[in-house]
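Here are the chains, one letter per residue:
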There are 4 protein chains.
Amino acid sequence: MIGYAFMGAAHAQAWRTAHRFFDLSLTPELTALAGRSEPDVRAAADRLGFASVETDWRKLVKRNDIDLVDICTPGDTHAEIAVAALAAGKHVLCEKPLANSVAEAERMADAAREAAAGGVYAMCGYTYRRTPALALARRLVADGRIGTVRHVRAHYLQDWLSDPGTALNWRLDAAKAGSGALGDIGSHLVDTTQWLTGQPITGVSALLETFVKTRPMSGDRAGLGGVGGDDVPHGPVTVDDAALFTARFAGGAVGTFEASRFALGRKNALRIELNGSAGSLAFDFEDSNALHFYDGTDPVGLQGFRRIHVTEPEHPYIAAWWPPGHGLGYEHGFTHQVVDLVDAIARGEQPTPSFEDGLAVQRVLDAVGRSAAAGSEWCATAG
Amino acid sequence: MIGYAFMGAAHAQAWRTAHRFFDLSLTPELTALAGRSEPDVRAAADRLGFASVETDWRKLVKRNDIDLVDICTPGDTHAEIAVAALAAGKHVLCEKPLANSVAEAERMADAAREAAAGGVYAMCGYTYRRTPALALARRLVADGRIGTVRHVRAHYLQDWLSDPGTALNWRLDAAKAGSGALGDIGSHLVDTTQWLTGQPITGVSALLETFVKTRPMSGDRAGLGGVGGDDVPHGPVTVDDAALFTARFAGGAVGTFEASRFALGRKNALRIELNGSAGSLAFDFEDSNALHFYDGTDPVGLQGFRRIHVTEPEHPYIAAWWPPGHGLGYEHGFTHQVVDLVDAIARGEQPTPSFEDGLAVQRVLDAVGRSAAAGSEWCATAG
Amino acid sequence: MIGYAFMGAAHAQAWRTAHRFFDLSLTPELTALAGRSEPDVRAAADRLGFASVETDWRKLVKRNDIDLVDICTPGDTHAEIAVAALAAGKHVLCEKPLANSVAEAERMADAAREAAAGGVYAMCGYTYRRTPALALARRLVADGRIGTVRHVRAHYLQDWLSDPGTALNWRLDAAKAGSGALGDIGSHLVDTTQWLTGQPITGVSALLETFVKTRPMSGDRAGLGGVGGDDVPHGPVTVDDAALFTARFAGGAVGTFEASRFALGRKNALRIELNGSAGSLAFDFEDSNALHFYDGTDPVGLQGFRRIHVTEPEHPYIAAWWPPGHGLGYEHGFTHQVVDLVDAIARGEQPTPSFEDGLAVQRVLDAVGRSAAAGSEWCATAG
Amino acid sequence: MIGYAFMGAAHAQAWRTAHRFFDLSLTPELTALAGRSEPDVRAAADRLGFASVETDWRKLVKRNDIDLVDICTPGDTHAEIAVAALAAGKHVLCEKPLANSVAEAERMADAAREAAAGGVYAMCGYTYRRTPALALARRLVADGRIGTVRHVRAHYLQDWLSDPGTALNWRLDAAKAGSGALGDIGSHLVDTTQWLTGQPITGVSALLETFVKTRPMSGDRAGLGGVGGDDVPHGPVTVDDAALFTARFAGGAVGTFEASRFALGRKNALRIELNGSAGSLAFDFEDSNALHFYDGTDPVGLQGFRRIHVTEPEHPYIAAWWPPGHGLGYEHGFTHQVVDLVDAIARGEQPTPSFEDGLAVQRVLDAVGRSAAAGSEWCATAG
């Protein structure tokens, strides 16, 4: 695994836990962790349970005792690492967004396609697909339970930048992160809605906004923040604080999208609602064990959004865990990601989301950027 | 009063009820009701409590025993009636949207300005301003409790056209209604958010969609629907089923707007959320007695959206009604509208929303229409 | 009508409104209002729309121009007034609880039975039966949609006495009110659950508590409170602040009941949940337009409590009002009560809840009182 | 660890995970797992990560390489194992309820007191104390934020026995489980409310009910059920399906309690509400990352239950986990239990809940049983 901040901790927990609850054909071993600072990476490896460390990821991707490389670094490094790892014959799990540009993503998708021909697989970490409630939603859409999708309403609302005193970090630096709320959380909306509906987004009209243009600089640039005083030197925020767009899907649905880190009071409100001709679905990650389903075929007068507590053995992934009503948390999605990835590799099948799926997201993000730069004019997601 | 369908019933109940609960300086009398069909209007007058009827609104607006004309007809007739009534020295309450075009609305605003100089007042019926929870929200914004507004999230979701078998009615006819979901319910979003934030919308990027292009024709065109069979002749739907747009407000806020009659399962979900620098507010008309308030100045660790049950004597309009917790219904907003209108007239002050406010909404609706026609390009709300 | 405080205002609004929305065979006229103080009763009659006044209810019940007497006075006067009115051949609507003792209630039920033989009817005002969501719940139970009821969970939580500074009023005086939270709001729980389940309560084990034993005396004893200072003389609270009991129903269900005016933050939380062998129902008056229904026969994996927005024409009472999603308020239950009462009288049928039903509630309240006095020992509801 | 069913899996995950997220002074090692069947226990040890196995718990508690014994077996074995382990100088974590009788619990508490004198500690596994939202609730009560507690409303609702076809298992056998819903889930209510309020329960009036008296027998008696056919032989259910009681607390609060496995649609609804003189708190495990707090000192007109999303670094246990809004799941409470236990042992302090606390719960359960057997008569919790 390369990188060991927030995502590294989540991934490591998943690698340690998957085989304790699920029957895996292959048992993951946490062989090596890579990072630039030796003392830091060594401490992290001890904490996270890795057997060895590397300070140069290039060494890690070539080690013979490694079968799979898990990339948890900022987006500007994804392409180089992933391509190298695939070239070295390692399976790859790469955090989202896949890359910082369509060009990089295309290079990665090409590499993945080539590797897959040789039985080496790449997966992109759009983990919310593995939230049981969303996996159930996907099943219901696929089974036709909501009919033709007409409306997609997708919001990802956080508030951790709402305070102008919150310091700069790499996620606010376009060179490292590619974009702001758009790529960090908006990308989840794009992947999740394309996957849920089974429809690619064909075009968008967008607006990006940076509410706070400069922020205190901080020694700590690795984490999610840190607060600086008034006399601290300020640097520019080079990414969007919020991304708003309307979209059309290939199957005729229309969508409103909003990703923001300035929605005060909303902590991790990934909210998705689909309205179809036969039913509707609604989800909010702030109540992540529930899926709301409106069945338009229920008897008239008895229709209503039902709150399905997605903790039954019949629900995706749940049989491996606890009895009904005993909910799962954020990191379980990562464990399920490991389960599905390991399972696909063992079966010699392409895991999803593939790098191709990651590239499809990138094309939408790119169209959003172009539209916003061109006064919200409609931009097709060329592909 | 002119017109006696859905809105007529709501207005009549308000006129009958206001002085039973509120201390009004003037006591409303339901003098006359106008409609085209004599038997129908007479039956309606009996039911609604009007003392006399007219089959020509031109006669009604000239009667000496009438001080105020309440216009509850489709939008294509508003301008002519309102201008005539004001010219005849009658106060006017006109249902929303103010008109079907900016030109009409300008004519009405001009007439209203002129009349006001002579102590005759006009008001536009954006009733949701009188929902106690939204009136409380306005008070909190005005008091600075949420700081600078950054995000406006405004959805008005209904589903009564979701079934393609629902028959045509005047609300689906552009000639009568001007537009579809946009003018009928989107206009409420525009007025309510401009009023709540105190900021005009300066520009929009929009997308309109008509999911069902033709519908069964029906003898009944007055109401909200009626279902026709398969062999019934079909006619075209000439308005939008859904309107989606992003917007910028004069004070720097950005907004996402969505008005739809195809959001299956959402019945009258007027949802508004404001995220400011110091707090947030959220409202949903499907739970209309509640306002959700997030106070960013609460102690860290104790912050959360609080559900204010807006039924306390300290809340707007409530002291006149029931003890705490005994909620109000939809029509109470109309009663409050009467209270505020009568009160303004008695004090010789301009009631709000004025026709000027109604015109401001019209300009936004017009910009939405232009943007949608021009591939979502950004359109300023010329004013 | 006799009495014109909180309940009087609600009843008057119902009498004025019912025929405006519903087709009634008889049109109510507000003929006379009775109260002890002539200036007060005259002002109230003007406000509420009554044509004349009486300062002695004995005169009112004998007037030839009166067909129905509506009793909105404190409980200690119900029996005398109701019996006299029935004897005078007037239909009677009597506010709940029916009386302050089983003996009084028996006398009233006897009088009602006798009067009914002559086509004169009496009804007891347990209005919550007319809340559309609860009427829908009753329909679902009667249709077997939740199977055999096993659990009844009934709470009525208010908080208006939570502040020890709130002054004494008649509702805190056992001589006038009979009991405290028990009779005032607990009686609603008893009636509503017996009616919903179709099962009488057969026995209870109870606990009563008075948290604040003395309160400031106040000149204002008519309303819901008023706050006195520290130096104000105090008087004793002679009723319960909270009543808690467990119960058994004739059909095998067990129930927990709680009525309190000390549940800080709960304003009018009449909450009822029924768990049956085939489904469950949940209701909270603080979101009074919703009924939550769990259908145990839904496909496994898709079960969940669905929030039925009880605003569809298919729902009880709704067709007379507004389009879907446009909710009703507290007083609509009183309007529906008038509709059902007038309808029953017109058809020559016994309206429900009858005085017999009111007596059944009284027997449960009495058993609660006896159990609480006897260290919670099990007390059957003798009947 | 002894036992490896549902609780064993939860405990093992906690032991494996605690030191990956928290800084522990001691690092847990999963040395040995005990169970009666060698192949089964060996498979479980592999799955759960234990280094060795024992088929006789007596051997396990004497092994020199073991410092702490974690008891995850049915209640009838707790006393013998715990006393033996403490006698052998091992720290003990014992699942709840502490025992099947007061006598056993007293023996265990005595043993624990004696062991503690020698620096060997015992803890009882009332894990819900470690749910962050409830730990925050405890902090708020302790800080006086809700004033004097007046009402305790505690329900634990499940529905896994609602189907009469669900087979017998050890939890339905009084000899093994002691009691039914009462001990299994009602015990959590008792411990959690005594701990939250800081007040012991002084007496109760109770009612126990067994809705389904016989059930199919099943080969599988270890898990949570399994469904048998009609021709399967039936055996008696010897425990309660539901337990309802009212209670008084030492500080003057009154409480309603209900524990049921027949509340159809409620999966793991541990619901606790406290109403105090200054505020209220409400929690539902079905939305376990939220605590609802009503602050009676908020400005009048702005009071309301606020939903605190208990995922901030300021909240108990959260700083070790994910960013705000990324919720925790059921098993995290077990991890926190390990953290607090290890921490207490390392500091040489008594961990809580102690066996004394577990005994206090047992006394309440015993009073409930006595009261139910005596027609709900009031029973003091002798202690």
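Quick notes on the rules
- Residues numbered from 1 in each chain as written.
- Chains lettered and ligands numbered in written order.
- Predicted model: local features only at pLDDT ≥ 70, side-chain atom pairs only at ≥ 80, totals over all residues.
- Heavy atoms only, no water.
- Helix = DSSP H or I, 4+ residues; strand = E, 2+ residues; numbered from the N terminus.
- Rg over C-alpha atoms; globule rule 2.2 N^0.38 Å.
- Buried < 20%, exposed > 50% of the residue type's maximum accessible area, 1.4 Å probe, protein only.
- Contact = heavy atoms within 4.5 Å.
- Lys, Arg positive; Asp, Glu negative; His and termini not counted.
- Charge placed at Lys NZ, Arg CZ, Asp CG, Glu CD.
- Polar contact = N/O pair within 3.5 Å; in protein donor to acceptor, adjacent residues only side chain to side chain.
- Buried area = accessible area lost by both parts, 1.4 Å probe.
- Salt bridge = Lys/Arg side-chain N within 4 Å of Asp/Glu carboxyl O.
- Domains from an automatic or database assignment.
- Nonpolar A, V, L, I, M, F, W, Y, C, P; charged D, E, K, R; others polar.
- Phe/Tyr/Trp six-rings, centres within 6.5 Å; stacked < 30°, edge-to-face > 60°.
- Lys NZ or Arg CZ within 6 Å of the ring centre and 35° of its normal.
- Least-squares fit on C-alpha atoms with pLDDT ≥ 70 in both.

The name given to chain A in an unreviewed UniProt entry is Gfo/Idh/MocA family oxidoreductase, with Mycolicibacterium hodleri as the source organism.

(A) Molecular detail of the overall build of chain A. In terms of regular secondary structure, chain A is built from 10 helices and 16 strands. Relative to a compact globule of 383 residues, whose C-alpha radius of gyration would be 21 Å, chain A shows 21 Å and is just as compact. Seen through its principal axes, chain A has C-alpha atoms that stretch 65 × 55 × 40 Å. The buried share of chain A, reckoned over its 383 residues, is 67%. When contacts within chain A are restricted to residue pairs at least 6 apart in sequence, long-range pairs at least 24 apart make up 70% of them. Side-chain charges of chain A comprise 35 positive and 46 negative groups, with the mean position of each set lying 1 Å from the other.

(B) Highlighting the side chain of A:H91. Residue and element names in this part refer to chain A. Inspection of the secondary structure puts H91 in strand β4 (residues 91–95). Take H91: its relative accessible area is 13%, and that puts it in the buried class. Polar contacts involving the side chain of H91 include one to the main-chain amide nitrogen of Y121, which spans 3.0 Å. Once you skip the residues sitting within four places of it in the chain, H91 turns out to touch D67, L68, V69, G119, V120, Y121 and I345.

(C) Seen up close, the interface of chain A and chain B. Taken together, the 49 residues of chain A in the interface contact 49 residues of chain B. By the criterion of area lost to chain B, the three top residues of chain A are A:R150, A:H151 and A:L264, representing 19% of everything that side buries. Linking chain A to chain B there are seven salt bridges. Connecting chain A to chain B are 23 residue pairs in polar contact (both at pLDDT 80 or more). Contributions of two or more residues to the side of chain A that touches chain B are made by β6 (149–157), β7 (201–209), β10 (242–249), β11 (254–260), β12 (269–276) and β13 (279–284) of chain A.

(D) Highlighting the domain arrangement of chain A. Residues and elements named next belong to chain A. Each assigned domain of chain A is listed here: domain 1 (6–128) and domain 2 (129–329 + 359–373). Computed from C-alpha atoms alone, the centre-to-centre distance between domain 1 and domain 2 is 24 Å. Taken together, the 22 residues of domain 1 in the interface contact 30 residues of domain 2. On the domain 1 side of the interface with domain 2, the three residues burying the most area are F21, Y126 and Y128, jointly 39% of the side's total. Here domain 1 is connected to domain 2 by three salt bridges. One can count 12 residue pairs in polar contact (both at pLDDT 80 or more) joining domain 1 with domain 2. For the side of domain 1 that touches domain 2, the elements supplying multiple residues, two or more each, are α1 (6–21), α5 (102–117) and β5 (122–125). Ranked by residues supplied to the side of domain 1 that touches domain 2, first place goes to α5 with four residues. When grouped by side-chain class, the residues that make up the side of domain 1 that touches domain 2 number 13 nonpolar, six polar and three charged.

(E) View of the packing of aromatic side chains. This model, assessed by the stated rule, comprises 64 aromatic pairs over all chains. Geometrically, the ring pair formed by A:F285 and A:Y330 is edge-to-face, given 6.1 Å between the ring centres and 90° between the ring planes. Of this pair, A:F285 sits in the loop between β13 and β14 (290–295) while A:Y330 sits in the loop between β15 (305–309) and α9 (332–347), and the two are 45 residues apart along the sequence. Taken individually, A:F285 and A:Y330 each receive the classification buried, so the pair is uniform in this respect. The ring of A:F305 carries B:R266 above its face, with NZ or CZ at 3.7 Å from the centroid.

(F) Focus on the relation of the copies chain A and chain B. Turning chain A through 180° and shifting it by 0.0 Å along the axis lays it on chain B, with an RMSD of 0.0 Å. As the rotation angle and translation indicate, the two copies are arranged about a two-fold axis. When each C-alpha of chain A is compared by its distance to the rotation axis, A:E377 comes out closest, at 2.2 Å. Here 100% of the interface residues in chain A have copies in chain B that are interface residues too; the copies meet face to matching face.

(G) Geometry of unusual backbone geometry. In this chain, A:K96 is followed by A:P97 through a cis amide linkage whose omega measures -10°. Looking at where A:P97 falls in the secondary structure, it is placed in the loop between β4 and α5. Even without being a glycine, B:Y317 presents a positive backbone phi close to 75°.

(H) Examining the interface of chain C and chain A more closely. Taken together, the 16 residues of chain C in the interface contact 16 residues of chain A. When chain C packs against chain A, close to 1300 Å² is buried across both sides, 56% of that on carbon and sulfur atoms. On the chain C side of the interface with chain A, the three residues burying the most area are C:G301, C:L302 and C:R306, jointly 43% of the side's total. Put simply, chain C and chain A have two salt bridges between them.

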